[in-house]
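Architecture and fold: a report
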Amino acid sequence: MQIGQLVKTKSTFSDEGLSRKMIYCCEEHVDLALDMIVDEFETFPILSKLDVDNLSTNCEFCRNTAVYVVGNE
Ligand SMILES: [Zn+2]
């Protein structure tokens, strides 16, 4: 699993941390998150819907509950 690695690199943003990114977002900001992945990594973003039991995460762009997670792989 990648979870431990994500936690470790979260506050440092090293070059290593840029190789994999996940953006949590609400329905309103999903387009923005997709654009960010495309701009930053020049790759097609992967869009996943969050599980119902994982709805305590907030959107990275507002205070709404995140519904989707957008990643670069
Ligand atoms: Zn939002």
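Everything below is about the structure shown above.
The following paragraphs examine the structure supplied in this document.

Calculation rules
- Residues numbered from 1 in each chain as written.
- Predicted model: local features only at pLDDT ≥ 70, side-chain atom pairs only at ≥ 80, totals over all residues.
- Heavy atoms only, no water.
- Helix = DSSP H or I, 4+ residues; strand = E, 2+ residues; numbered from the N terminus.
- Buried < 20%, exposed > 50% of the residue type's maximum accessible area, 1.4 Å probe, protein only.
- Contact = heavy atoms within 4.5 Å.
- Areas by Shrake-Rupley, 256 points an atom, 1.4 Å probe, with all protein chains shown as cover.
- Donors = N, O, S within 2.8 Å, 3.2 Å for Na, K, Ca; no water.
- Tetrahedral: all angles 85-135°; square planar, octahedral: opposite > 155°, others 65-115°.

**Side note on the overall build of the chain**
What the chain contains, in helices and strands, is two helices and three strands. Start at the N end of the chain and walk to the C end: the helices and strands fall as α-β-α-β-β. Taken across its 73 residues, the chain has 25% of its residues classed as buried. In the chain, the share of contacts with a sequence separation of at least 24, taken over all contacts with a separation of at least 6, comes to 59%. Put simply, the chain shows about 5,400 Å² of open surface, and 51% of that area lies on carbon and sulfur atoms.

**Observations concerning the coordination of the zinc ion**
Looking at the metal site, the zinc ion is ligated by C26 (SG), H29 (ND1), C59 (SG) and C62 (SG), spaced 2.0 to 2.3 Å from it. Metal-centred angles of 105 to 116° between the four donor atoms at the zinc ion mark the site as tetrahedral. Spacing between the donor residues of the zinc ion along their common chain follows C-x2-H-x29-C-x2-C. Residue H29 is classed as buried on the basis of its relative accessible area of 16%.

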